[in-house]
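As a plain string of letters, each chain reads:
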Amino acid sequence: VQLQASGGGLVQAGASLRLSCASSERTFRGYTVGWFRQNPGKEREFVAAIRWNSRHTYYGDPVKGRFTISRDDAENTVYLQMNSLKPEDTAVYYCTADQHLILSATMAPDSYDYWGQGTLVTVSS
């Protein structure tokens, strides 16, 4: 399964960005998709995830109320809408997917099988 992350960029604090994670996998709608972020020398941090049926979404505490994850199964794409961006949101953002992810493993990066290449988000103060 190949994942293509896009939408990163340089913005000022308070601005918005929308990241996209696209896949050509025809069964992509059956995958749980997550977003993680990472800065140099730090561990990968959970940002958000959406289950295969879109009924359940999960967010890391630092982004709750500001970020929204959604999916368009017709387009085989998952989106991460990021509002009210802060300098501490600066990181490389990775999308990841797994077809058989159990609920309790949603926030664990090692639980996901497939990863995109990452897209850089830089938020200036």
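Residues numbered from 1 in each chain as written. Predicted model: local features only at pLDDT ≥ 70, side-chain atom pairs only at ≥ 80, totals over all residues. Heavy atoms only, no water.

Enquirer: Looking at this structure, I do not really get the packing of aromatic side chains. What am I missing?
Expert: A full pass over the atoms with the stated rule returns seven aromatic pairs. Ring centres 6.4 Å apart and planes at 75 degrees place the aromatic pair tyrosine 94 and tryptophan 115 in the edge-to-face group. Here tryptophan 115 lies in strand 10 (residues 114-115) and tyrosine 94 lies in strand 9 (residues 91-98), a separation of 21 residues in the sequence. Members of the aromatic cluster, joined through ring pairs, are Phe36, Phe46, Tyr94, Tyr112 and Trp115. (Phe/Tyr/Trp six-rings, centres within 6.5 Å; stacked < 30°, edge-to-face > 60°. Helix = DSSP H or I, 4+ residues; strand = E, 2+ residues; numbered from the N terminus.)

Enquirer: Mind showing me how you'd approach the pattern of salt bridges here?
Expert: Proximity of charged atoms lets side chains of opposite charge pair with each other. What the rule picks out here adds up to five salt bridges. Note that arginine 37 is salt-bridged to glutamate 45, the shortest N-O span being 2.7 Å. Assessed through its relative accessible area of 5%, arginine 37 is described here as buried. Among the residues examined, glutamate 45 registers a relative accessible area of 31% and is labelled partly exposed. Ionic pairing is found between aspartate 89 and arginine 37, a salt bridge with its closest N-O pair at 2.9 Å. Of this pair, aspartate 89 sits in the loop between strand 8 (77-82) and strand 9 while arginine 37 is found in strand 4 (residues 32-38), placing the two residues 52 residues apart along the sequence. Across the pair, arginine 37 and aspartate 89 agree in class, each one buried. Connected through salt bridges with shared partners, the residues Arg37, Glu45, Arg66 and Asp89 form a single ionic network. (Salt bridge = Lys/Arg side-chain N within 4 Å of Asp/Glu carboxyl O. Buried < 20%, exposed > 50% of the residue type's maximum accessible area, 1.4 Å probe, protein only.)

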